[in-house]
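Remarks on the overall topology
Spelled out, the chains give:
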Amino acid sequence: MSTPLAQIKPLSQPVTMPAEVATFSPEVEAEMDRHIAKYPVKRSAILPLMFIVQRERGYLDPPAVAYLAERLDLRTTDIWEVATFYSMIYTQPVGKYHIQICKTLSCKLLGSEKITKHCSEKLGIKVGETTPDGRFSLSEVECLGSCGTAPMFQINFDYHENLTPEKVDQIIDALP
Amino acid sequence: MRITAIGCEPLQLRRVHLENSRSLDVYRANGGYEAIRKVLDSMSPDDVINEVKKSQLRGRGGAGFPTGMKWSFVPKDSPKPKYVVCNADESEPGTFKDRYLMERDPHMLIEGILIAAYALGAKTNYIYTRGEYKYLIDIMDIALDEARAEGLLGDKILGTDFSCEIHTHTGAGAYICGEETALLSSLEGLRGHPRMKPPFPAVSGLYAAPTVVNNVETLTAVPDIIKMGGEAYQELGTEKSGGTKLWSVSGHVNRPGVYELPMGYDDMEKFIMEDCGGITNGKQLKAVIPGGSSVYIMRADQIVDQDVRMDYEGLVAAGSMVGSGGFIVMDETVDIFESTKNLTEFYKHESCGWCTPCREGTDWLVKILKRIDNGGGRPEDAKLLLDLCDNIEGKSFCPLGDAAAWPIQSAIKRFPEDFERRLIQNGKA
Ligand SMILES: Cc1cc2nc3c(=O)[nH]c(=O)nc-3n(C[C@H](O)[C@H](O)[C@H](O)COP(=O)(O)O)c2cc1C
Ligand code: SF4
Ligand code: FES
């Protein structure tokens, strides 16, 4: 059985933080406060805050991890532990546009492999890679809840469904 | 994609096609927030639980546990706060109905949560939404603000003594967080590992306080149950499977979509061939996974001319399960070895790593399937895979292990030809 949160004791020793701690604008700070206020226990806000940090800094770098630890009264290891569990939390830089192609059964039945091949050729990168200019990253992911409009991908948070190679070209070419 | 009711008046899908269906005004103009009004004016928490019990509503998240009974497990005398947590993680492959409910009719979910919170005495409630559905979190946040502005949420709701809050929360891409105890770990800001049951969440859930976790479709059924009465809702379905159910249909059909059917809809073949427009390109039906990736795959001959009844009992009798209602249709060109390998890769990827049988077992399953796929199949591999499944099923810490074993077990049993071809031909080659 897991330990109820209230019983988890903070470390008695102060933890050494990296030299640099990330900073955020007052607006972003206020946005974080609104999330923290939703919960009786601060730690619950860890995922919403990680998404805000990613939006602001691209990914969760060590200064951001140090910041979150301070902000949530946690140890840096607590932050890393959570960050490394969830596939949508990035501890490495990703491209400005992260193309995430669903590869699960319903999409596969309707040709997701063709979409992957097309994207890969168009961008000149393999799945798991980022273009040298840092503009695109390409991933294959598991079912995104669009099985009725397969095949599909998500670019950052935007859904694109009923894809064909022609439609993929239009979508990618229209990105700013 | 089609969103429609077949064989019954649309209930859950009643408002989805209205213009501005998301807005509080449209919701109210079409019967919205009448149920919470009725509850606050004339019903005790026990009255509400009794109506839900009478409705024979069973959890739509996958396990099908009777909702009224689950609610009655929450101890009334606990001094701790209580929580209602809506499970909007929707990551079971083939399932996409919760998404449209929230996208098109967010206030129905808010009203459902409010009624549950009243019945259980919960003051703070959360909607746990998978991280990829960020646009739905934004939609829900707007709807929650609208409700707050109209006195439907917050202090003294509709001028009564009932006060309650609902907050959205985001997951971050982990299928296991749909499992209710893992979801609670995740909501507490931890890695999404499942917890031991008992204690069940109803007794010790979020922050070790009594908690009810219910699926979006379950909670959105509640306002209608209150309005029409539990019995009338039950009668829309069958004796033990009350009401209507949403089916997410994908794969090789001409009209994929979200279909609302009465529980006990009497013919799965007709559903596929007529309601969903039949198989694409005039091909033959080969297989159906009727309840999301975790349930047993069915052969066409278990469906055609079999009058398979679509409800909890009917699908068990036909050799599968309702699960989440993620209905995946496959035509004659599909190699069931391939489709099974695809789903096994899913489970390997999503195994949370907490317990050995599932973490190591799913990894080995994928290794063996890949070896077979690359031409290294051996006649004894079918047995090897089944042995491995035996060591995962029933021996893992949470049901994800079982869910990983079932697709393989049923595929090898029901489509032996697709496996044998690989094992023998490739073995000799
Ligand atoms: C591996 C796994 C994944 C699950 N995923 C979901 C999910 O995405 N959505 C959901 O509502 N229930 C899911 N469940 C079921 C939940 O554990 C739980 O039974 C459900 O949320 C209870 O709500 P209900 O009674 O309204 O169905 C999952 C269960 C398991 C074992
Ligand atoms: S069965 Fe799998 S998902 Fe469940 S606890 Fe074990 S490793 Fe995690
Ligand atoms: S299988 Fe691709 S979105 Fe569900």
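Look above for the structure.
First, a word on scope: everything that follows refers to the structure included in this document. (Residues numbered from 1 in each chain as written. Chains lettered and ligands numbered in written order. Predicted model: local features only at pLDDT ≥ 70, side-chain atom pairs only at ≥ 80, totals over all residues. Heavy atoms only, no water.)

Before going further, it helps to examine the overall build of chain A. Of the regular secondary structure elements, chain A holds seven helices and four strands. Sequence-ordered secondary structure for chain A, helices as α and strands as β, is α-α-α-α-β-α-α-β-β-β-α. The buried share among the 176 residues of chain A stands at 53%. Put simply, 63% of the contacts in chain A that link residues at least 6 apart link residues at least 24 apart. (Helix = DSSP H or I, 4+ residues; strand = E, 2+ residues; numbered from the N terminus. Buried < 20%, exposed > 50% of the residue type's maximum accessible area, 1.4 Å probe, protein only. Contact = heavy atoms within 4.5 Å.)

For chain B, the count of helices and strands is 17 helices and ten strands. Here the C-alpha radius of gyration of chain B, 22 Å, is about what a compact globule of 429 residues would show, namely 22 Å. Buried residues in chain B amount to 65% of all 429 residues. Residue pairs in contact within chain B that sit at least 24 positions apart in sequence constitute 72% of those at least 6 positions apart. With an accessible surface of roughly 15300 Å², chain B has 51% of that area assigned to carbon and sulfur atoms. If the 49 positive side-chain charges of chain B are averaged to one point and the 62 negative ones to another, these points end up 4 Å apart. (Rg over C-alpha atoms; globule rule 2.2 N^0.38 Å. Areas by Shrake-Rupley, 256 points an atom, 1.4 Å probe, with all protein chains shown as cover. Lys, Arg positive; Asp, Glu negative; His and termini not counted. Charge placed at Lys NZ, Arg CZ, Asp CG, Glu CD.)

A separate point is the site of ligand 2. Every one of the 13 residues lining ligand 2 counts as a neighbour, but Cys 352, Trp 354, Cys 355, Cys 358 and Cys 398 of chain B are closest to it. Split by residue class, the shell around ligand 2 holds nine nonpolar, four polar and no charged. (Near = heavy atom within 4 Å. Nonpolar A, V, L, I, M, F, W, Y, C, P; charged D, E, K, R; others polar.)

Working definition of a disulfide: a covalent bond connecting the sulfur atoms of two cysteines. Residue and element names in this part refer to chain B. Overall, the coordinates contain zero disulfides over all chains when judged by the stated rule. You can see Cys 8 has no disulfide; the closest cysteine sulfur is in Cys 276, sitting 14 Å from it. This cysteine, Cys 164, is not joined by any disulfide, and Cys 86 carries the nearest cysteine sulfur, 13 Å off. (Disulfide = S-S within 2.5 Å.)

This next bit is on the packing of helix α14 (residues 356–376) of chain B against helix α15 (residues 381–390) of chain B. Residue and element names in this part refer to chain B. For the pair α14 and α15, interaxial distance at closest approach is 10 Å and the crossing angle is 165°. Taken together, the axes of α14 and α15 lie roughly antiparallel to each other. The handedness of the crossing between α14 and α15 is left-handed. Along its contact with α14, which presents Gly 361, Trp 364, Leu 365, Ile 368, Leu 369, Arg 371, Ile 372 and Gly 376, the element α15 presents Asp 381, Leu 384, Leu 385, Leu 388 and Cys 389. Among the residues making up the contact of α14 with α15, the classes are represented as nine nonpolar, two polar and two charged. (Axes fitted to C-alpha atoms, helices over the stretch in contact; angles between N-to-C directions. Parallel < 35°, antiparallel > 145°, perpendicular 65-115°, else oblique. Left-handed = near helix turned anticlockwise from the far one by under 90°.)

Time to look at the packing of α14 of chain B against helix α16 (residues 399–414) of chain B. Residues and elements named next belong to chain B. For the pair α14 and α16, interaxial distance at closest approach is 10 Å and the crossing angle is 25°. The pairing of α14 with α16 is recorded here as roughly parallel in orientation. Considering only the axes of α14 and α16, their crossing is left-handed. On the side of α14, the interface is formed by Cys 358, Thr 362, Leu 365 and Leu 369, while α16 contributes Leu 400, Gly 401, Ala 404 and Ile 408. A per-class count over the contact of α14 with α16 returns six nonpolar, two polar and no charged.

Now for the sheet that holds strand β10 (residues 326–331) of chain B. Sheet architecture is open: six strands sit in the order β1-β7-β6-β10-β8-β9 (chain B), paired in mixed fashion. If you trace the sheet from one side to the other, it starts and ends with β1 (2–5) and β9 (298–299) of chain B, each paired once. (Pairing = 2+ DSSP bridges.)

Residues and elements named next belong to chain B. Of the two faces of β1, only the one carrying Ile 3 and Ala 5 is buried; Arg 2 and Thr 4 on the other face are not. Note: β1 against strand β7 (residues 257–262), four bridges, orientation parallel. For Thr 4, the partnering residue across the bridge sits in β7 and is Tyr 259.

The next thing to look at is the site of ligand 1. All names here are of chain B. Ligand 1 sits among 18 residues. The nearest are Gly 61, Asn 87, Asn 214, Asn 215 and Thr 218. For ligand 1, a nitrogen atom lies 3.2 Å from a polar atom in the backbone of Gly 178. Take Asn 215: an N or O atom from its side chain is 2.7 Å from an oxygen atom of ligand 1. Out of a free accessible area of 600 Å², ligand 1 has 90% covered by protein chains. When contributions to the shell around ligand 1 are tallied by element, the ones reaching two or more residues are β5 (211–215) and α16. Of all the elements, β5 adds the most residues to the shell around ligand 1, at three residues. (Polar contact = N/O pair within 3.5 Å; in protein donor to acceptor, adjacent residues only side chain to side chain.)

Right, let's talk about the nonpolar core for a bit. Within the largest apolar cluster, 72 residues are counted, with the highest numbers of intra-cluster contacts made by Tyr 33, Val 48, Trp 71, Leu 109, Leu 114, Ile 127 and Phe 162 of chain B. Within the residue set of this core, elements represented by two or more residues are α1 (24–29), α2 (34–42), α3 (45–54), β2 (83–88), α5 (97–104), α6 (106–120), α7 (134–149) and α9 (216–228) of chain B. With eleven residues, the single largest contributor to this core is α6 of chain B. Excluding anything up to four places from it in sequence, Leu 114 of chain B contacts Tyr 33, Ile 36, Leu 152, Leu 153, Ile 157, Phe 162, Cys 164 and Ile 166 of chain B. The next biggest cluster of nonpolar side chains, apart from the first, holds 55 residues, and it includes Leu 49 of chain A together with Ala 174, Tyr 175 and Leu 183 of chain B. (Core = buried A, V, L, I, M, F, W, Y, C linked by side-chain atoms within 4.5 Å.)

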